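Below, each chain spelled out in residue letters.
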Amino acid sequence: MPVTSNAFNRARNIAFVVTIFSIFLSLSGTARMQGKKPITKQGLVQAVKINGLSTQELVAQIKARGVAFKMTADDENDLLSAGARPEIVDAARSNYRAESSPASSGATAPRPAANVPSGPPLSKGEIVTLLQNGVAPSRVEQLVEVRGVAFSLTPDITKEITSAGGNRSLLGAITERATAAPANSSSSKSVASAGPDYDEYTDQAMAYMQANDSYNAILTLQKAVRLDSSKPTAYQLLGIAQLYGNKNIASAETSMRAAIERGGAAVFRVYHDHDKFFNTYCQGSLFITKTEITFKADDGKHTFEATDSIIKEAKLNGFVGSEHGAFHLKVIQADNKSKTYNFAPATTQKAESNLIINLFQAY
């Protein structure tokens, strides 16, 4: 059966709507790229307290992003009190970067268009189709402001757009853009807000985690993953939130494996035994990467680091701390003598210890 002109136009409009929705939902990189936002003092303190990134990872982030505060004696005390290692304090001290502020001028700045893709001017049919498919008039207006329109309003077109859900503000934007060049053209580029970037999403997620809000932490980290699935940090934090917030060990394992495969770590909250009976212990995080296992106590005082090559045994305990689901790592030291480190998982369940051992053995 031959394809009619109306059928072709409907198919084109449906494809247009699907494309726009996918771009809006994926927070695509078509908006203006922004420089990395320096880490605030509060954000750094939160990251240290959560203990979801190793000292090495935090130092790397500080060097890449900088910090938004000049280190003072009080700042240093606050960081050390939160459990920061000296390396973190030193990195923050030497990587201050002032946050950039937009240049001021007498002209009124254009309203930013959040996550609006570039493209040719919109037709009347595309605008009507967007409205009929539930896209808010304000979102359509943002698209109009960036891309312009390929038509002028007439009484009939105005009625059609209004019937589809358009409002007076949208009609005003269409009138203005009908004679103006698209805001993303080479002669006149609009300053579009790209929304939160990857680092800002992970910063927000850590604030949620610090507030024990695992639900919003997971949602925010999933946004970061959609924005850039090649980086490990969001997966790394997701594993923590899913395991200890949602109590979902299967989802946590998936995120942890994704983090390791991308050069990050699987992070477990553990108790480190001090006397072979767990009468005295410290709490901290155990980090498993492709090449090593490290431990950092929450107070920053006790640390442990061992490459895979010198870890000769990782096994559930049959006696010491067995009631807490404890496990041990047997490490060969420089003098060829072995030393055993006992840990108990934060959930006190053997299932978590088995996951720790399995991930270590898998990589």
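In this text, all values refer to a predicted model and were calculated from it rather than measured experimentally. (Residues numbered from 1 in each chain as written. Predicted model: local features only at pLDDT ≥ 70, side-chain atom pairs only at ≥ 80, totals over all residues. Heavy atoms only, no water.)

A. The arrangement of the packing of helix H6 (residues 124-132) against helix H7 (residues 137-147) in detail. Relative orientation of the contacting elements H6 and H7 amounts to 155 degrees, with a least axis distance of 10 Å. By the angle class used here, H6 and H7 are roughly antiparallel. The chirality of how H6 crosses H7 is right-handed. For the pair H6 and H7, contact is made by Ile127, Leu130 and Leu131 and by Pro137, Val140, Leu143 and Val144, respectively. (Axes fitted to C-alpha atoms, helices over the stretch in contact; angles between N-to-C directions. Helix = DSSP H or I, 4+ residues; strand = E, 2+ residues; numbered from the N terminus. Parallel < 35°, antiparallel > 145°, perpendicular 65-115°, else oblique. Left-handed = near helix turned anticlockwise from the far one by under 90°. Contact = heavy atoms within 4.5 Å.)

B. Representation of the packing of aromatic side chains. Overall, the coordinates contain 5 aromatic pairs when judged by the stated rule. Pairing Phe295 with Phe343 gives two aromatic rings, centres 5.5 Å apart and planes at 50 degrees, and the pair type is tilted. With Phe295 in strand S5 (residues 292-297) and Phe343 in strand S9 (residues 338-345), this residue pair connects regions lying 48 residues apart in the sequence. With a relative accessible area of 3%, Phe295 lands in the buried category. Clustering of aromatic rings is evident, with ring pairs tying together Phe295, Phe304, Phe327, Tyr341 and Phe343. (Phe/Tyr/Trp six-rings, centres within 6.5 Å; stacked < 30°, edge-to-face > 60°. Buried < 20%, exposed > 50% of the residue type's maximum accessible area, 1.4 Å probe, protein only.)

C. Up close: the environment of Asp75. For Asp75, the position within the fold is in helix H4 (residues 73-82). A sequence separation of 18 residues divides Asp75 from Arg93, and the C-alpha atoms of the two residues are 9.6 Å apart. Filtering out sequence-adjacent residues up to four positions away, Asp75 remains in contact with Lys41, Phe69 and Lys70. Among the polar contacts made by the side chain of Asp75, one reaches the side chain of Lys41 at a distance of 2.9 Å. (Polar contact = N/O pair within 3.5 Å; in protein donor to acceptor, adjacent residues only side chain to side chain.)

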